[in-house]
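Given next are the chains, with one letter for each unit.
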Amino acid sequence: MDVQVANHCSVKSAAKPQSAAECGAENAPKKKSRTRRGRRGKRRRGKKANEPPPFLPPEAEEGNIEYKLKLVNPTQYRFEHLATQLKWRLQEGRGEAVYQIGVEDNGLLVGLTEEDMKASLKTLRRMAEKVGADITLLREREVDCDRARRKIAEVLVRKVPDDQQFLDLRVAVLGNVDSGKSTLLGVLTQGELDNGRGRARLNLFRHLHEIQTGRTSSISFEILGFNSKGEVVNYSDSRTAEEICESSSKMITFIDLAGHYKYLKTTIFGLTSYCPDFAMLVVGANTGIAGTTREHLGLAMALKVPIFIVVSKVDLCGKSTVEKTVRQLERVLKQPGCNKVPMVVANPDDAVTAAQQFAQSSSVTPIFTLSSVSGESLDLLKVFFNILPPLSNSKEQEELMQQLTEFQVDEIYSVPDVGTVVGGTLYSGVCREGDRLVVGPTDDGRFLRLKVCSIHRNRSGCRVLRAGQAATLALGNFDRSSLRKGMVMVSPKMNPTICCQFEAAIVLLFHAKTFRRGFQVTVHVGNVRQTATVECLLGKEELRTGERAVVCFRFLKHPEYLRVGAKLLFREGVTKGIGHVTHLLPSTQNHVPDQNRNQNHS
């Protein structure tokens, strides 16, 4: 909805009484203009009482939002029809639907009496039970219609999909070093507040030097679940990851990225490779916008990842310092380069509105102010995550699933008694246990055959992997030395185009001098990260900051698998640019998968 529900469903406010200063201004003979303005304001406020009832946007046939005027004592035939309709809305929302009760199909907020509202919610609960779902009352609002107070209700309906594939959203966590990213994730996922000295973050660190310095240098993953009733499911009750997955209808996977500048390439790899749905920028209330904060904000915007902001450590500063940091953020977000609409979340009602607006408009940027030590406003962030809908609908995912299998290799492990394991994201198609795929390209442009022995998703076993989901695949005794980050595992039916050279339409965001032929940069395209040389600039001799051009790049080490239209980001020192791949120049060393030797000893 483009119009905030909070603006439309509120009780009509009475005309405000004038202050003493305004009364004095009316009695003063010199300031007549101010008196006239006051009278005009009174007339406008008087007209407001005669305005028609407020509207929401008309109900859309597609999507997971349904308007219902009332659901009072439906006949059996009508009830069956309503249950089928609910099933459709749940399918559209990939297991979630939002019902607005007391609203006509054209968006008119009519409202219901207390008795009719109770009967309607009872019917909706019966409908949910029939399709195997639960309902959660998000909020009730009063509307004044003909001087009679009526209510509208907003209800979240959530079910576990039939195949036990829970709704999974990926959130990349960005922010400057020491802003409290890992501590916030530790509090959310462990269910215990921090002690002020970083105890909550210890479970997130992967290396000894991270524990010693308190600074994240690698990419780690944490999960936060919500059950069908909207209740938080985390590690607080001594649950294992498998139990969290089994109990959850919705899962938030946090990708904890590094804040220090020297680990910037790791942060960029996490943003480009793991395909996050949203980005959470954490800013310390005591430091404000400092260090890599602007850089991380720019990266998320360049990659078109919707971003929201969390101002942490409010327990360390006074109210004026927190307000100063929020104002600083609002100024940056409103600048021409960002063009965002900041929205400060102060209560649960704001959190519900923010979640809905954020998913529907890329310009809305919610701002939360909280503390991981005192727990202040932490519940507002949980409400936001609980309601936050997926960006893609079921139709888009179905289309991706119809395509041939393509899995991006982001991580490689050797696990005792299991063998070689790769982690990554399934870009398209469906992957099952026992599937035979090919992986590549190798340094000489080959694709090697392999077999998927088992699949794990969020640390628990999984038989089927669908497009858009992240998982780890066990490959048995496949030779690990043949694998590297940036490879893809694809169906043998696909004839993947690999290249050493490609053309891209770019925008040079910053460069100290001139960008010309022979310049070397680190190129990030999806899970591909490699140094490339600028072979030529089509139609130009050189580029300066802010200029656009089509550039031909050549990889230095080995060929890569790329897709036309893929987002591209390149950097070298202070040099930065973004763009997209426009044309691939196929490698002469490309080998058809069928001619490759079999390296799988299953």
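Residues numbered from 1 in each chain as written. Predicted model: local features only at pLDDT ≥ 70, side-chain atom pairs only at ≥ 80, totals over all residues. Heavy atoms only, no water.

1. What to know about the overall build of the protein
If you tally the helices and strands in the protein, you get 14 helices and 31 strands. Considering only contacts within the protein whose residues lie at least 6 apart along the sequence, 72% involve residues at least 24 apart. (Helix = DSSP H or I, 4+ residues; strand = E, 2+ residues; numbered from the N terminus. Contact = heavy atoms within 4.5 Å.)

2. Regarding helix α11 (residues 319-334)
Along its 16 residues, α11 runs 23 Å from first to last C-alpha, staying within 8% of the 22 Å computed at 1.5 Å per residue. Listed in full, the buried residues belonging to α11 are V322, T325, V326, L329, V332 and L333. For α11, the angular spread of buried residues about the axis comes to 120°, placing them on one side. Relative to its buried face, α11 has exposed residues pointing more than 90 degrees away, namely S320, K324, R331 and K334. The inward-facing, buried residues of α11 contact β9 (278-284), α10 (293-302), β10 (307-312), β11 (341-344) and β12 (364-369). (Expected span 1.5 Å × (residues − 1). Buried < 20%, exposed > 50% of the residue type's maximum accessible area, 1.4 Å probe, protein only. Arc of directions from axis to C-beta.)

3. Some details on the sheet that holds strand β18 (residues 454-457)
Judged by pairing direction, the sheet is antiparallel, and its 8 strands sit side by side in the order β17-β16-β22-β13-β14-β21-β18-β19 without closing on themselves. Two strands close off the open sheet at either side, each with one partner strand: β17 (448-451) and β19 (460-462). Sheet twist, expressed as the average angle between the axes of neighbouring strands with direction ignored, equals 40°. When strand β16 (residues 436-440) meets strand β22 (residues 488-490), the two strands line up antiparallel, connected through 3 bridges. Residue pairing for β22: V438 is matched across the bridge by V490. (Pairing = 2+ DSSP bridges. Axes fitted to C-alpha atoms, helices over the stretch in contact; angles between N-to-C directions.)

4. Concerning the packing of helix α4 (residues 76-92) against helix α5 (residues 114-130)
Look at α4 against α5: their axes get within 9 Å of each other, and the N-to-C directions meet at 65°. With respect to their mutual orientation, α4 and α5 come out roughly perpendicular. Considering the relative orientation of α4 and α5, their crossing is right-handed. Residues F79, E80, L82, A83 and L86 of α4 touch α5, and the partners they reach there are T123, R126, M127, A128 and K130. In terms of residue class, the contact of α4 with α5 is built from 6 nonpolar, 1 polar and 3 charged. (Parallel < 35°, antiparallel > 145°, perpendicular 65-115°, else oblique. Left-handed = near helix turned anticlockwise from the far one by under 90°. Nonpolar A, V, L, I, M, F, W, Y, C, P; charged D, E, K, R; others polar.)

5. Overview of the nonpolar core
Counting residues in each nonpolar core, the largest one holds 44 residues, and the members touching the most others are F254, M280, F308, L381 and F385. Top contributing element to this core by residue count: helix α13 (residues 378-387), with 6 residues. Sequence-distant contacts of F385, that is, excluding residues within four places in its chain, are made with V171, L188, L224, F226, K250, I252, F254, M280 and F308. I255, L257, I289 and V314 belong to the second-largest nonpolar core, a separate cluster that totals 33 residues. (Core = buried A, V, L, I, M, F, W, Y, C linked by side-chain atoms within 4.5 Å.)

6. Quick look at the pattern of salt bridges
Using the criterion set out here, one finds 21 salt bridges in the structure. The shortest N-O distance in the salt bridge between R544 and E542 comes to 3.7 Å. The class of R544 is partly exposed, set by a relative accessible area of 45%. Ionic contacts of the salt-bridge type, sharing partners, join the residues E59, E66, K68 and R89 into one network. (Salt bridge = Lys/Arg side-chain N within 4 Å of Asp/Glu carboxyl O.)

7. Details of a nonpolar patch on the surface
A grouping of L509, F510 and V574 is seen on the molecular surface, where their side chains present a nonpolar patch of about 260 Å² in accessible area. Mapping F510 onto the fold places it in strand β23 (residues 498-510). Judged by relative accessible area, F510 falls into the partly exposed class, the value being 40%. (Patch = residues over 30% accessible without salt bridge, like charges linked within 9 Å, V, L, I, M, F, W, Y side chains within 5 Å. Areas by Shrake-Rupley, 256 points an atom, 1.4 Å probe, with all protein chains shown as cover.)

8. Side note on the confidence of the model for the protein
Scored by pLDDT, the protein has a mean of 84; 84% of the residues are at 70 or more. Across residues 1-37, where pLDDT falls below 50, the model places 53 contacts with residues more than four positions away in sequence or in other chains. Within the model, pLDDT remains below 50 along residues 39-53, and this stretch shows 9 contacts once partners closer than five positions in the same chain are excluded. (pLDDT = per-residue confidence, 0-100.)

9. Structural notes on unusual backbone geometry
For the bond from G440 to P441, the omega torsion is -5°, close enough to zero to count as cis. With respect to the secondary-structure elements, P441 resides in the loop between β16 and β17. One non-glycine residue with positive phi stands out, namely R94, at about 55°. In this structure, R94 sits in the loop between α4 and β2 (96-101).

10. Section: the environment of Q520
Tracing the backbone shows Q520 in strand β25 (residues 520-525). Take Q520: its relative accessible area is 39%, and that puts it in the partly exposed class. Taking the C-alpha atoms as reference points, Q520 and F555, separated by 35 residues in sequence, lie 9.7 Å from one another.

11. Comments concerning the packing of aromatic side chains
Counting across every chain of the model gives 16 aromatic pairs. With 5.0 Å between their ring centres and 75° between their planes, F221 and Y274 make a pair best called edge-to-face. Of this pair, F221 sits in strand β6 (residues 220-226) while Y274 sits in the loop between α9 (264-273) and β9; the two residues are 53 residues apart in sequence, bridging distant segments of the chain. For Y274, a relative accessible area of 4% corresponds to the buried category. Measuring from ring centre to ring centre gives 5.7 Å for F308 and F358, while their planes differ by 85°; the resulting arrangement is edge-to-face. (Phe/Tyr/Trp six-rings, centres within 6.5 Å; stacked < 30°, edge-to-face > 60°.)

12. Digging into the sheet that holds β9
Read from one edge to the other, the open sheet built from 8 strands follows the order β7-β6-β8-β5-β9-β10-β12-β11, with strand pairing classed as mixed. Whereas interior strands pair on both sides, the edge strands pair on one side only; in this sheet they are β7 (232-233) and β11. In this sheet, β10 lies alongside β9 in parallel orientation, the contact comprising 6 bridges. Along β10, the bridge assignment pairs V283 with V311.

13. Digging into the pairing of strand β13 (residues 406-415)
Where burial is concerned, most of β13 is hidden: 7 out of the 10 residues are buried. Strand direction decides the pairing type here: β13 and strand β14 (residues 419-428), joined by 9 bridges, are antiparallel. Within the sheet, the bridge partner assigned to Y413 lies in β14 and is V421. In this antiparallel pair of consecutive strands, β13 and β14, the connection spans 3 residues, and D417 shows a positive phi of 65°. Here β13 pairs with β22 via 3 bridges, running antiparallel.

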